[in-house]
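Residue strings, one per chain:
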Amino acid sequence: MPKKYDTPLLDQLEKGSYPSFVTEIKKAAVKHESANDLLGALEQCYKDKKTHWKHGGIVGVRGYGGGVIGRYSDIPDQFPGVAHFHTIRINQPSGFFYNTKALRELMDLWDHYGSGLTNFHGSTGDLVLLGTKTENLEPLFAEVSSRGWDLGGSGSAMRTPSCCVGPGRCEWSNIDTLDITYSITQEFQDEMHRPAFPYKYKFKTSGCAVDCIASIARADCSIIGTWKGDIRIDQDAVKWYAKNGMDINAEIINRCPTKCMSYDGKELQIANEDCSRCMHCIAKMTKALRPGKEKGATILIGSKAPFVVGALLSWVVVPFMKMEPPYTEIKELTRKIWEWWDEFGKNRERTGELIERKGMRNFLEAVGLDPQPAMIREPRRDPFYFWQPDELK
Amino acid sequence: MSAPQRKTDIGPPHFKQFLPPVIQKNYASWKYHEVLRPGTMVHVAESGDKVWSVRMASPRLISTDFVRDVCDVADKYCDGFFRFTSRHNVEFLVSDESKVKPLEDDLKKRGMVMGGIGPRVSNIVHTQGWVHCHSAATDASGLVKVIMDEFIDYFTTKELPNKVRFAVACCTNMCGAVHCSDIALVGVHRKPPIPDHGRIPNMCEIPSTIASCPTGAISPDPAKKSLKINNDKCMYCGNCYSVCPALPISDPVNDGVAIVVGGKVTNLRTAPKFSKLVYPWLPNNPPKWPEVTNAVKGILEAYVKGAQKHERVGEWIDRIGWEKFFKLTKIPFTFQHIDDFTFARETFRTTAAFKW
């Protein structure tokens, strides 16, 4: 494709040492009219200081209610190549691991049926194929699905679950984040591909409280690996850190949020019953300290971005759950949560918002969880609470 | 050529086929890791096996040719395996130490940038912006590019007190993790939507549009079979526009970028925190957004100067207090900073002890 548009504004974003998305669009524009027109349309946005995309229409592939986001330009006559420019969400493999054979195949298909532009990855975790026409959707889906790929979630459905690198390459991971994510995704294919919920529902699984996948802030169901039992200490490795210049009292002991550690210049001691498992000491002294041996996860529910009444972080509902295949307990809990949400949730109401509206007690009783101090930061401050008839004489 | 047989509901490919042999062998048996250079770390397994990870920057919006180039490198040095991080970086996974240095040299020769490991700036989680979104109040990729160019040294070499996680969201829907990031930029509107009475009756469902407003600012306009907006109640979130396309809200002059800081998702040391408002509005000034990059620079410099080792931006501010934060950064304090929405009363000061 010859160059179609002058893009003096975007060209300025090709300078500087960080890799440039403009350069990437230009690379795709050599082969694709749509990428060429995207360049023109984006320059127009930069000139006008406003977006030129319209709301998505309903487009998709046969038998699916999601996975494709319809996208149309509001100036199609000017940029016909992006008149339709739909996004396809491909469900990424757990942990974002790939081999080159599979990806080359996928890239060849995308050059054949689409714009040659991608996101590795979208905010939720999908492998995003950015921009194609309605008539290409079915043939592309046949090609990719016959090669073992499937669509991710969109709309009021379970969204594509994602996770941290976990046991693939991290010594801190208390649970098999990759397998949990795969198993949940396979279990709920129908809930992901055929939107039937009040709104979106996201799963994110982190192997420990460092939470590299941001599950506590970005998932309706946050699964965070943790442990019971004592932190394992290698005192020789502690000495190695001291010898290599670490000020253990300043960097580790004084930074411990529960003050459960001490160091006398020789040995590191931990009062494990006072440890809240925040991961600071383990993350900073990775050779010397390792999580305890009884592994499981804390399940937290409800986080979301600010739309509409403010952002929420997830709340602890199950302090400790064993996470072993086939992960029956989390799947059963999920079904109960969805049943309750389905019955009481309003249109576009997230699970966390419904819990706020109906009350945590209502939620816990509906899904069969007993109250525990780990669920709260502090007990209520007001004297206004309910009793049930069977609690009274 | 007839299309192959389509399959449905098969889910993603099983991850195991994408794990390099060294990872398959040592799965869930890693012992510790060491950061060797800003872009290179080594993980050591119980078995003594090692895997080196070389982290390379990516703009996230990448062409098929970029992916093919990455594949070429992975074929040459990593037996055809690699991964992406949760912040969109590429990670080459090397099981043979003798290939690490040649891989780094090769990436340098290709003009690639390595870094982001340890107490540094990593890649920026962001949204689609003007590249692909109908509700974007600003561009995301452009802002990411100018911020990363500005702070490139903190990606490739220089250390910070702790990690600084940037995020960019092009509207208040915040598809990026803006609400819990150290320093985050968010596209904002400042004027109510203008109902298009010609299109609303055919295009929008009246009850769900009314219900979408968090402040109850939308009411029916029966005479026009349309909607009215109470401008005094509207706080320009744009949620109604997502539900009803005939309520356009974008405004090239008044839209802009807000900056929120001090959030974190990790549980390390202190509980996860939300990001809080420090700049209510800065002008949308593409392609370089100089006002925004300058503002971010001021915040980051104050953090570097004032924070103790291991303190994240939010932990530093918690220690010194917000009143001192505004003093140090010289950011003007305005009515917009004082919350008057859902969580307002939790944010007012209820002690007489504060700093001058």
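Criteria and cut-off values
- Residues numbered from 1 in each chain as written.
- Chains lettered and ligands numbered in written order.
- Predicted model: local features only at pLDDT ≥ 70, side-chain atom pairs only at ≥ 80, totals over all residues.
- Heavy atoms only, no water.
- Helix = DSSP H or I, 4+ residues; strand = E, 2+ residues; numbered from the N terminus.
- Contact = heavy atoms within 4.5 Å.
- Buried area = accessible area lost by both parts, 1.4 Å probe.
- Salt bridge = Lys/Arg side-chain N within 4 Å of Asp/Glu carboxyl O.
- Polar contact = N/O pair within 3.5 Å; in protein donor to acceptor, adjacent residues only side chain to side chain.
- Domains from an automatic or database assignment.
- Nonpolar A, V, L, I, M, F, W, Y, C, P; charged D, E, K, R; others polar.
- Disulfide = S-S within 2.5 Å.
- Buried < 20%, exposed > 50% of the residue type's maximum accessible area, 1.4 Å probe, protein only.
- Phe/Tyr/Trp six-rings, centres within 6.5 Å; stacked < 30°, edge-to-face > 60°.
- Pairing = 2+ DSSP bridges.
- Axes fitted to C-alpha atoms, helices over the stretch in contact; angles between N-to-C directions.
- Parallel < 35°, antiparallel > 145°, perpendicular 65-115°, else oblique.
- Left-handed = near helix turned anticlockwise from the far one by under 90°.
- Patch = residues over 30% accessible without salt bridge, like charges linked within 9 Å, V, L, I, M, F, W, Y side chains within 5 Å.
- Areas by Shrake-Rupley, 256 points an atom, 1.4 Å probe, with all protein chains shown as cover.
- pLDDT = per-residue confidence, 0-100.

Caption draft 1: Structural view of the overall build of chain B. When its secondary structure is counted, chain B shows 11 helices and 13 strands. Overall, the C-alpha framework of chain B stretches about 75 × 70 × 35 Å when taken along its three principal axes.

Caption draft 2: Region of interest: the interface of chain A and chain B. Between chain A and chain B, the contact holds 121 residues from the first and 120 residues from the second. For the pair chain A and chain B, the summed buried surface comes to about 10,700 Å²; carbon and sulfur atoms form 59% of the total. Three residues stand out in chain A for area buried against chain B, namely Y18, R169 and F307 of chain A, and they jointly supply 9% of the buried area on that side. Counting across the chain A and chain B interface gives 12 salt bridges. Linking E34 of chain B and K287 of chain A is a salt bridge whose minimum nitrogen-to-oxygen distance equals 3.5 Å. Counting the contacts that link chain A with chain B gives 68 residue pairs in polar contact (both at pLDDT 80 or more). In terms of residues, the side of chain A that touches chain B owes the most to one element, helix 4 (residues 100-113) of chain A, which gives 8 residues.

Caption draft 3: How the structure looks around the domain arrangement of chain A. Residue and element names in this part refer to chain A. Domain parsing of chain A yields domain 1 (8-146), domain 2 (162-227 + 295-391) and domain 3 (230-290). The gap between the C-alpha centroids of domain 1 and domain 2 is 32 Å. Contacts between the two partners involve 12 residues from domain 1, matched on the other side by 17 residues from domain 2. For the pairing of domain 1 and domain 2, the buried interface totals around 1,000 Å² over both sides, and the portion due to carbon and sulfur atoms is 52%. Ranking the residues of domain 1 by area buried against domain 2 places Y64, S94 and T124 at the top, with a combined share of 38%. Counting across the interface, domain 1 meets domain 2 through 0 salt bridges. Summed over the shared surface of domain 1 and domain 2, the number is 8 residue pairs in polar contact (both at pLDDT 80 or more). Grouping the amino acids of the side of domain 1 that touches domain 2 by side-chain chemistry returns 3 nonpolar, 9 polar and no charged.

Caption draft 4: Structural context of the side chain of H43 of chain B. Relative to the helices and strands, H43 of chain B is located in strand 2 (residues 40-45). Engagement of the side chain of H43 of chain B in a polar contact is seen with the backbone oxygen of R169 of chain A, the distance being 3.2 Å. If we ignore the near neighbours within four places in the chain, the residues touching H43 of chain B are R169 and E171 of chain A together with W30, Y32, H33, D49, K50 and V51 of chain B.

Caption draft 5: View of the domain arrangement of chain B. Under the domain assignment used here, chain B contains domain 1 (15-109), domain 2 (125-190 + 252-347) and domain 3 (200-243). Between domain 1 of chain B and domain 3 of chain B, the C-alpha centre-to-centre distance is 50 Å.

Caption draft 6: The arrangement of the state of the cysteines in detail. For the structure shown, the criterion picks out 1 disulfide over all chains. At a sulfur-sulfur separation of 2.1 Å, the disulfide partner of C204 of chain B is C244 of chain B. Taking the sign of the S-S torsion, 75° for the link of C204 of chain B and C244 of chain B, the bridge is right-handed. Note that C204 of chain B is positioned in the loop between helix 6 (200-203) and helix 7 (206-211) and C244 of chain B in the loop between helix 8 (239-243) and strand 12 (256-261), a separation of 40 residues in sequence. Unpaired in this structure, C256 of chain A has its nearest cysteine sulfur neighbour in C260 of chain A, at a distance of 3.8 Å. Of all cysteine sulfurs in the structure, the one in C71 of chain B sits closest to C78 of chain B, which takes part in no disulfide; the separation is 11 Å. Residue class for C78 of chain B comes out buried when judged on its relative accessible area of 1%.

Caption draft 7: Geometry of the packing of aromatic side chains. Throughout the structure, instances matching the rule amount to 37 aromatic pairs over all chains. Centre to centre, the rings of Y18 of chain A and F155 of chain B are 5.8 Å apart; their planes meet at 90°, and the pair counts as edge-to-face. Pair noted here: Y18 of chain A is in the loop between helix 1 (8-11) and helix 2 (21-29) and F155 of chain B is in helix 5 (residues 152-156), and the two residues belong to different chains. Residue F155 of chain B is classed as buried on the basis of its relative accessible area, which comes to 0%. An angle of 50° between the planes, with centres 5.6 Å apart, marks the rings of Y201 of chain A and W341 of chain A as tilted. Residue Y201 of chain A is located in the loop between helix 7 (189-193) and strand 9 (203-206), and its partner W341 of chain A is located in helix 12 (residues 328-344); the two are separated by 140 residues in the primary sequence.

Caption draft 8: Here's a closer look at helix 5 (residues 137-146) of chain A. All names here are of chain A. With respect to burial, helix 5 is a largely interior element, 7 of its 10 residues being buried. Within helix 5, the full set of buried residues consists of L137, L140, F141, A142, E143, V144 and S145. The inward-facing, buried residues of helix 5 abut strand 2 (68-69), strand 4 (87-90), helix 4 and strand 7 (127-130). Looking one or two residues beyond helix 5, the residue adopting positive phi is G148, at roughly 100°.

Caption draft 9: Up close: the pairing of strand 5 (residues 81-84) of chain B. A two-sided burial pattern is seen for strand 5 of chain B, the buried positions comprising F81 and R83 of chain B on one face and F82 and F84 of chain B on the other. As judged from the 3 bridges shared by strand 5 (residues 97-99) of chain A and strand 5 of chain B, these two strands associate in the antiparallel manner. Each residue of the ladder has a partner; that of F97 of chain A, found in strand 5 of chain B, is R83 of chain B. Pairing of strand 5 of chain B with strand 6 (residues 90-94) of chain B involves 3 bridges; the strand directions are antiparallel.

Caption draft 10: Main features of the packing of helix 9 (residues 290-306) of chain B against helix 10 (residues 313-320) of chain B. Residue and element names in this part refer to chain B. Closest axis-to-axis distance for the helix 9/helix 10 pair is 10 Å, and the angle between their directions is 70°. Between helix 9 and helix 10, the crossing angle belongs to the class labelled roughly perpendicular. Here the hand of the crossing between helix 9 and helix 10 comes out left-handed. Each of A302, Y303 and G306 in helix 9 lies in contact with helix 10, whose residues at this interface are V313, W316 and R319. For the contact of helix 9 with helix 10, the class distribution of residues is 4 nonpolar, 1 polar and 1 charged.

Caption draft 11: Main features of a nonpolar patch on the surface. Together, F333, F335, I338 and F348 of chain B give the surface a local cluster of nonpolar side chains, amounting to about 480 Å² of exposed area. When you line up the elements, F333 of chain B lands in the segment after helix 11 (322-329).

Caption draft 12: Seen up close, the sheet that holds strand 8 (residues 162-163) of chain A. All names here are of chain A. Judged by pairing direction, the sheet is mixed, and its 5 strands sit side by side in the order 8-9-10-15-16 without closing on themselves. Taken across any chain shown, the strands that pair with only one partner, and hence form the sheet edges, are strand 8 and strand 16 (315-321). Bridge count between strand 9 and strand 10 (residues 221-228): 4 bridges; the pairing is parallel. Looking at the pairing, K204 lines up with S222 of strand 10.

Caption draft 13: The confidence of the model for chain B, seen in detail. On average, residues of chain B carry a pLDDT of 96, and 99% of them reach 70 or more. Here the predicted complex carries an ipTM of 0.97, next to a pTM of 0.97.

Caption draft 14: Unusual backbone geometry, seen in detail. Here the amide bond leading from P325 of chain A into P326 of chain A is cis, since omega sits at 5°, within 30 degrees of zero. Structurally, the position occupied by P326 of chain A is in the loop between strand 16 and helix 12. Between P286 of chain B and the following residue, P287 of chain B, the backbone shows a cis peptide bond with an omega angle of 5°. Among the structural elements, P287 of chain B can be located in the loop between strand 13 (276-283) and helix 9.

Caption draft 15: Molecular detail of the pattern of salt bridges. Inspection of the entire model under this criterion finds 51 salt bridges over all chains. R357 of chain A is paired through a salt bridge with E349 of chain A; the nearest N and O atoms lie 2.8 Å apart. Given the relative accessible area of 8%, E349 of chain A is considered buried. Salt bridges sharing common partners tie together K31, D108 and D111 of chain A together with D65 and R68 of chain B.

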